[in-house]
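Remarks on the overall topology
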Amino acid sequence: MAKDYSKYFIKPSIKDARKRKSQETPVIDFNKHINIKGFGKGRTYKINTYGCQANEADTERIKGILELLNFTESDTLEDADIILLNTCAVRENAENRVFGELGRLKQFKKNNPDLILGVCGCMTQEEKVVERILKSFQYVDLVFGTHNIYKLPEYLETVVLSKEKVIEVFSEEGSIVENIPRVRANTRKAWVNIMYGCDEFCTYCIVPYTRGKERSRNKDDIINEIKELIKEGYKEVTLLGQNVNSYGRDFLDVDYKFAELLKDLNKLPISRIRFTTSHPKDFDLETVKILSQGGNLMPYIHLPVQSGSNEVLKRMNRKYTKESYKEVIDNIYKYIPNVSLTTDIIVGFPGETKEQFEETIDLVKYCGFEGAYTFVYSKRAGTPAEHYPDNTPFEEKKQRLYQLNDIVNEGYLRGNKRFEGKIVKVLVDGTSKHNDEILAGYTENNKLVNFKGNKSLIGEIVEVKVTEAKTWFLKGEQIENSWHSYQRNIKWRCC
Ligand code: SAM
Ligand code: SF4
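A short tour of the structure in this document, coming up.

Calculation notes
Residues numbered from 1 in each chain as written. Chains lettered and ligands numbered in written order. Predicted model: local features only at pLDDT ≥ 70, side-chain atom pairs only at ≥ 80, totals over all residues. Heavy atoms only, no water. Phe/Tyr/Trp six-rings, centres within 6.5 Å; stacked < 30°, edge-to-face > 60°. Helix = DSSP H or I, 4+ residues; strand = E, 2+ residues; numbered from the N terminus. Buried < 20%, exposed > 50% of the residue type's maximum accessible area, 1.4 Å probe, protein only. Lys NZ or Arg CZ within 6 Å of the ring centre and 35° of its normal. Near = heavy atom within 4 Å. Polar contact = N/O pair within 3.5 Å; in protein donor to acceptor, adjacent residues only side chain to side chain. Areas by Shrake-Rupley, 256 points an atom, 1.4 Å probe, with all protein chains shown as cover. Nonpolar A, V, L, I, M, F, W, Y, C, P; charged D, E, K, R; others polar. Pairing = 2+ DSSP bridges. Axes fitted to C-alpha atoms, helices over the stretch in contact; angles between N-to-C directions. Contact = heavy atoms within 4.5 Å.

**Some thoughts on the packing of aromatic side chains**
- The tally for this structure, following the rule as stated, stands at 14 aromatic pairs.
- Ring geometry for Phe 99 against Phe 137: centres 5.7 Å apart, planes inclined by 15°, an arrangement best described as stacked. Residue Phe 99 is found in helix 3 (residues 92-111), and its partner Phe 137 is found in the loop between helix 4 (127-136) and strand 6 (142-144); the two are separated by 38 residues along the sequence. There is no split in this pair, since Phe 99 and Phe 137 are both buried.
- With a centroid separation of 6.3 Å and 80° between ring planes, the pair formed by Phe 137 and Tyr 139 is classed as edge-to-face. For the pair Phe 137 and Tyr 139, a shared accessibility class is recorded, and that class is buried.
- The ring of Phe 375 carries Arg 91 above its face, with NZ or CZ at 3.8 Å from the centroid.
- In this arrangement the basic side chain of Arg 132 is found over the ring face of Phe 99, its NZ or CZ atom lying 3.7 Å from the centre.

**A short note on the site of ligand 1**
- The immediate surroundings of ligand 1 are formed by 15 residues, with Tyr 204, Gln 242, Gln 306, Asp 344 and Ser 378 found nearest.
- Between a nitrogen atom of ligand 1 and a main-chain N or O atom of Tyr 204, the distance comes to 3.0 Å.
- Within the backbone of Gln 242, one N or O atom sits 2.8 Å away from a nitrogen atom of ligand 1.
- Considered on its own, ligand 1 offers 560 Å² of accessible surface; in the complex 92% of this is hidden by protein.
- Taken together, the elements giving at least two residues each to the shell around ligand 1 come down to strand 15 (340-347) and strand 16 (372-376).
- Among the residues forming the shell around ligand 1, the class breakdown is seven nonpolar, four polar and four charged.

**Let's talk about the sheet that holds strand 14 (residues 300-302)**
- On the basis of which strands lie adjacent, the open sheet formed by three strands has the order 14-15-16 and parallel pairing. Strand pairing shows two members of the sheet lacking a second neighbour, strand 14 and strand 16, which therefore form its edges. Between one strand and the next, the sheet's axes are offset by a mean angle of 5°, whatever the strand orientation.
- Judged from the three bridges that link them, strand 14 and strand 15 form a sheet pairing that is parallel. Note on strand 15: the bridge partner recorded for Ile 301 is Leu 341.
- Of the strands in this sheet, strand 15 and strand 16 touch helix 13 (residues 394-417), which is tilted by about 175° from strand 16.

**Side note on the environment of Ala 54**
- Looking at where Ala 54 falls in the secondary structure, it is placed in helix 2 (residues 53-68).
- A sequence separation of 67 residues divides Ala 54 from Gly 121, and the C-alpha atoms of the two residues are 9.7 Å apart.
- Sequence-distant contacts of Ala 54, that is, excluding residues within four places in its chain, are made with Arg 211, Leu 240 and Gln 242.

**Concerning the environment of Asp 282**
- Along the chain, Asp 282 falls in the loop between strand 13 (272-276) and helix 9 (285-291).
- With relative accessibility at 18%, the residue Asp 282 sits in the buried group.
- Each C-alpha atom of the pair Asp 282 and Lys 213 lies 17 Å from the other, and the pair is 69 residues apart in sequence.

**Description of the site of ligand 2**
- With respect to spatial proximity, the complete set of residues near ligand 2 consists of Cys 198, Glu 200, Phe 201, Cys 202, Tyr 204, Cys 205, Val 207, Pro 208, Gln 242, His 279 and Arg 318.
- For the shell around ligand 2, the per-class residue count stands at seven nonpolar, two polar and two charged.

**Things to note about the sheet that holds strand 9 (residues 189-193)**
- Taking strand neighbours across the sheet as the criterion, the three strands line up as 9-12-13 in an open arrangement whose pairing is parallel. What marks the edges here is a single partner per strand, and that holds for strand 9 and strand 13. Neighbouring strand axes in the sheet, compared pairwise and without regard to direction, differ in orientation by 25° on average.
- Bridging between strand 12 (residues 236-240) and strand 13 involves five bridges; their strand directions are parallel. Of the residues in strand 13, the one forming a bridge with Leu 240 is Thr 276.
- Those strands touched by helix 7 (residues 219-231) are strand 9 and strand 12, and its axis lies near 165° from that of strand 9.

**Some remarks on the side chain of Glu 168**
- Within the secondary structure, Glu 168 sits in strand 7 (residues 166-168).
- Within the structure, Glu 168 has its side chain in polar contact with the side chain of Tyr 155 (distance 2.5 Å).

**Observations concerning the environment of Pro 153**
- Note on placement: Pro 153 falls in helix 5 (residues 152-161).
- Under the relative-accessibility criterion, Pro 153 is labelled buried at 1%.
- Sequence separation of Pro 153 and Phe 39 is 114 residues, and the distance between their C-alpha atoms is 9.6 Å.
- Setting aside chain neighbours within four positions, we find Pro 153 in contact with Phe 30, His 33, Ile 34, Ile 36, Phe 39, Ile 65 and Leu 69.

**Some words on unusual backbone geometry**
- Thr 277 follows Thr 276 through a cis peptide bond whose omega is 10°.
- Turning to its location among the elements, Thr 277 is positioned in the loop between strand 13 and helix 9.
- Non-glycine residue Lys 163 carries a positive phi angle of around 55°.
- For Lys 163, the location among the structural elements is in the loop between helix 5 and strand 7.
- Of note in the backbone geometry, Asn 317 takes a positive phi value of approximately 60° without being a glycine.
- In this structure, Asn 317 sits in the loop between helix 10 (310-315) and helix 11 (322-335).
- Here Asn 317 falls in the partly exposed class, since its relative accessible area comes to 26%.

Okay, here's the thing in structure tokens:
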């Protein structure tokens, strides 16, 4: 007999998710939702994360909640008592990977009927996805969305202890939940959300429907989170938002914008502040001028352009032209001459002509990007572009992507070449994926550097002389009189 899970049965609705009301965003304190610690003792979990930094940040929160309940992370999926897939809905192939994985996990459920299998993240905010899970993947025990991660303790209590299925996805505008504990992926670099959701409604994009309305965190909560990170030894923070340049636009009682936040963060004793993602229409001159002051504000900006054709930009609802985009870029180069710029581009948007694509190529050449994420347009159910006529064959779109990537790759190499012979500061992440003897880390301009060095440097910022620029990374040699070596020498002399 089918289990009764009506208590929690709330399916998403893209139609409801589209609605926006001008009302204050509720702020929820997670501490008021946690009254059932301990029942994870002796149980393990594993999370597979798909998609962008927003999802990675959510996974850190989910891990934080699970560990607060005394679950521990297992090394493999096979050993886990709970498996969660934290999903991405931005493109169809990301969704297909999740359905493929769910199919594979059926065998895991057969081998271990006590295994709890859950799906969360952006995909579960789509009603078609939840319907498909209910129909074709009935062995899934838990489905929740992006708005109700804070209710996970309650859901798990029901699923683990009462053995009931839970499907609860809110199609609301969203709240801000403070004080969710986090297990951060890195001990030196941290994501810090400054806002959630998106109000831009680019016609190709599912994010405004899956993540709710744009809502900015209180500046004191952001600054206090970063101060805590500094105390814990963090050296780099990346501010997260779908359009960080519109930070504060939703505040009803205070006038405090992104530029002011950067100005305040510039005073904090942390080595590196980064942010993503910027929107060209809101990237104001004030922000450019503050970034030009440098200090802990890194000379790296990711500024998605999406297309170089005004006609296409209009149909994408991007609300800027290629001329105004160039103006922003010109100002950035004028005030921050050593900056590295990267972008996102979609090729084959419905109706994009060969000539319009050529305009994108021209714009890419003009902007001097040192990298780009490039995508073939992927139709998303519920978005306006779903219904736009699209007569370009997929093969042609792929050819456009290859042509674009050749130019983008020239930009990667050009951007790396300019550092040959220079001394750069590298925050060492760990060892190279390909060679355990080689250290790998990122420069202030966000360039990957490989160099020989002692593993004790992991987590430190060291000076490296760039000896050779490749397309995807720089090779370098550690400068022996760098700060870390200096510290080591002092210790040696003292002993
Ligand atoms: N908020 C950011 C912005 O405005 O660029 C990034 C959000 S989105 C998750 C990341 C990138 O995915 C976008 O910049 C866009 O290039 C790409 N993207 C979004 N929807 C897409 C779609 N339907 N097909 C192909 N690429 C898409
Ligand atoms: Fe999607 Fe546009 Fe919002 Fe970025 S700004 S998340 S591309 S709707």
